[in-house]
Amino acid sequence: MVKNTSMSVEGDYTYLRINFAHPGSQIGKDTQNFPNPLATYVKEMSYRSSNQKEPGEITATGENLSTAFRLIKEMQKRYRTQEAEEREREGAVKQDKLILSTAKGNPKLKDLSVRPNIIQKKIAGTVEAHVNGFRYTSLRGDKIDVLYNNIKHAFFQPCDNEMIILLHFNLKNPVLWGKKKYSDIQFYTEVGEITTDLGKYHHMQDRDDIHSEHMEREMRKKLNLAFQNFCDKVVRQTNDAFDFDSPFNELGFFGVPYRSSCCLKPTSTCLVNLTEWPPFVVTLDEVELVHFERVSFQLKNFDMVFIFKDYSRKTQMVQQIPMSSLDSVKEWLNSCDIKYTEGIQSLNWAKIMKTIVDDPEEFFENGGWNFLAQDSDNEGDDEEESEESEYNESEESEEGSDEDEEESGEETEDSESEASLDSDESEGKDWSDLEEEALKWEGDWDSLDNKKTINLRKGPFIVWSKGGKERLVSGNDPRTLSCEGEVGVIWALHCLNWDK
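These lines cover the structure that appears in this document, whether it is placed above or below. What you are looking at is a predicted structure, and each value in this text was computed from that prediction instead of being measured.

1. Thoughts on the sheet that holds strand S15 (residues 287–293)
Consideration 1: The strand order across the open sheet built from four strands is S17-S16-S15-S18, with neighbouring strands paired in mixed fashion. Two strands bound the open sheet, and with one partner strand each, they are strand S17 (316–322) and strand S18 (340–342). Sheet twist, expressed as the mean angle between neighbouring strand axes with direction ignored, is 20°.
Consideration 2: With six bridges connecting them, S15 and strand S16 (residues 301–308) associate as antiparallel partners. Paired with Leu289 across the two strands is Ile307, which belongs to S16.
Consideration 3: Of the strands in this sheet, S15, S16, S17 and S18 are in contact with helix H3 (residues 326–335), which crosses S15 at around 165°.
Consideration 4: Across the sheet, helix H4 (residues 349–358) touches S15, S16 and S17, and the angle it forms with S16 is around 20°.

2. Quick notes on the pattern of salt bridges
Where charged atoms of side chains with opposite charge meet at close range, the side chains can pair.
Consideration 1: Using the criterion set out here, one finds 11 salt bridges in the structure.
Consideration 2: Close ionic contact of Arg220 with Glu216 constitutes a salt bridge, the shortest N to O distance being 3.2 Å. Note that Arg220 and Glu216 are positioned in helix H2 (residues 207–237) at a spacing of four residues, about one turn of the helix.
Consideration 3: Across the pair Lys354 and Asp358 runs a salt bridge, and its minimum N-O distance is 3.2 Å. A residue pair is termed a helical-turn pair when its members lie 3 or 4 positions apart in one helix, as Lys354 and Asp358 do in helix H4 at four residues. Neither residue differs from the other here; Lys354 and Asp358 are each classed as exposed.
Consideration 4: If you follow the salt bridges from partner to partner, you end up with Lys152, Glu286 and Arg313 in one network.

3. Looking at the environment of Lys233
Consideration 1: Checked against the element boundaries, Lys233 lands in helix H2.
Consideration 2: Taking the relative accessible area as the measure of exposure, Lys233 reaches 42% and is therefore partly exposed.
Consideration 3: Sequence separation of Lys233 and Asn106 is 127 residues, and the distance between their C-alpha atoms is 8.4 Å.

4. Remarks on empty space enclosed by the protein
Consideration 1: One pass over the structure, following the stated rule, counts three cavities of 30 Å³ or more.
Consideration 2: In this structure, the second largest cavity encloses a volume near 60 Å³.
Consideration 3: The residue inventory of the lining of the second largest cavity, partitioned by class, reads four nonpolar, two polar and two charged.

5. Looking at the pairing of strand S8 (residues 151–157)
Consideration 1: The buried count for S8 comes to six of seven residues, which makes it a mostly enclosed element.
Consideration 2: Sheet topology note: the S8/strand S9 (residues 164–177) ladder contains six bridges and is antiparallel. Bridging from a neighbouring strand, Phe156 pairs with Leu167 of S9.
Consideration 3: Between S8 and S9, which pair antiparallel one after the other, the connecting turn spans six residues, and Asn161 there sits at a positive phi close to 60°.

6. Describing the nonpolar core
Within soluble globular proteins, side chains that are nonpolar tend to cluster in buried spots.
Consideration 1: Ranked by size, the top nonpolar core spans 32 residues in total, and within it Phe134, Ile151, Phe169, Phe242 and Phe244 carry the most contacts.
Consideration 2: Residue assignment for this core shows that the elements contributing at least two residues are strand S4 (108–115), strand S5 (125–129), strand S6 (133–138), strand S7 (143–147), S8, S9, strand S10 (180–190) and H2.
Consideration 3: With residues near it in sequence (within four places) discarded, Phe244 still touches Phe134, Ala154, Phe155, Phe156, Leu167, Phe169, Cys231 and Val234.
Consideration 4: Formed by 23 residues, the second largest nonpolar core is a distinct cluster that contains Cys262, Val287, Phe306 and Val329.

7. Things to note about a negative patch on the surface
Consideration 1: Together, Asp359, Glu361, Glu362 and Glu365 make up a negatively charged patch on the protein surface.
Consideration 2: By the secondary structure assignment, Asp359 is in the loop between H4 and helix H5 (360–365).

Scoring rules and cut-offs
Residues numbered from 1 in each chain as written. Predicted model: local features only at pLDDT ≥ 70, side-chain atom pairs only at ≥ 80, totals over all residues. Heavy atoms only, no water. Pairing = 2+ DSSP bridges. Helix = DSSP H or I, 4+ residues; strand = E, 2+ residues; numbered from the N terminus. Axes fitted to C-alpha atoms, helices over the stretch in contact; angles between N-to-C directions. Contact = heavy atoms within 4.5 Å. Salt bridge = Lys/Arg side-chain N within 4 Å of Asp/Glu carboxyl O. Buried < 20%, exposed > 50% of the residue type's maximum accessible area, 1.4 Å probe, protein only. 1 Å grid on protein atoms, 1.4 Å probe; cavity = no way out; pocket = protein on both sides within 12 Å on 5 of 7 lines; lining within 4 Å. Points joined across faces, edges and corners; volume = space filled by probe spheres on them. Nonpolar A, V, L, I, M, F, W, Y, C, P; charged D, E, K, R; others polar. Core = buried A, V, L, I, M, F, W, Y, C linked by side-chain atoms within 4.5 Å. Patch = residues over 30% accessible without salt bridge, like charges linked within 9 Å, V, L, I, M, F, W, Y side chains within 5 Å. Areas by Shrake-Rupley, 256 points an atom, 1.4 Å probe, with all protein chains shown as cover. Lys, Arg positive; Asp, Glu negative; His and termini not counted. Charge placed at Lys NZ, Arg CZ, Asp CG, Glu CD.

The following block contains the structure:
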């Protein structure tokens, strides 16, 4: 099998090099099954031809190598295309034959477009309900059949606060239309102007603008009524075996399921976004757990991860959901009986799901999904402890301030001495100078109580007694100092970290 080819021109010669696939040539990739890996394989072949035309020749021999190189490339391209088509056909299911109804009163909707672009050009068409399915017929004659037994979810989204009105079908098994398989198909029509010319002058009292707005509102009502009548006729025709679901606009929230931000709307069975393409459809019955990531009041957005009951299925993530929508999303999940957890960190879900699929019994023996709930509980406890500590600190500060006010009212006599202390410290006197001032100080000893509380700075302090002996005392509150006994000199000095 040819792996790759290359051609180069060097001087008067053209070189064609062909590399072949052989055992050991695809290290780190999906290895091919060789029938006899121990046999001798040709790794590469090189051809050389002259670019000079010999007498009697029409063209130079080097052009033959150019032609061979082009043919090999075309052959490889056809082979890769065939492989891609075969891979598309693997998961696709061939639908049953549509049974056409000959009745004239079949439910029908006209002037609809289709998504995805199964038809090459955007051409309007008609959707008609038959015995066992729908048929979309374009004006050019293209036909698309969707059978009832292959429809997993059918949605009707009115044009309220939307620029399109649509019918959306989510299929149980992918269907091959053209050369690709699709799991979703949508028939829609545009309402109003999707694009607006900003250079055009608009006046709020312009009669033409008022008339056009009135006509648009009337058209929206007519379209909603026509689509609703179509859905009701289909339900009656199938004897309630087929039904349409509509999103709840009041429960919608914004998020980024793929590349762009859009409004996600819950329905009775799903969470959907049908306006943007590709559509987002998550069936709630298939969801086992919902985990919220990056949940912190310091952040503006969080992420939501859907974990499905089929662990082999890839998880679905919705990013950049506003933090203001967290409570409403939780209430909606509670109403749907879906368990949810939350955490601050973003997890590697591909690695987690691979671990579960490899040994699910060991995963559930070790507690299963409890590690997500434990993380959320720990985070909640930490937040509560931080709030309690802040509350206690605020209480202590309030109590300290109350004590300060009381003490300041009682100690009017000692204010002059404390002021002198501050002035002395600010001037930067030495320890010897302060000691001399303390020994020379004379005061009214009888006015002092047995216990005196003095407002001082933070830190341990030296208090000079009447006999000139120093004494180190510290109080519970760093701003206050309790001195027991008769104090001869009320003078406090910093013992540690004293700034001269």
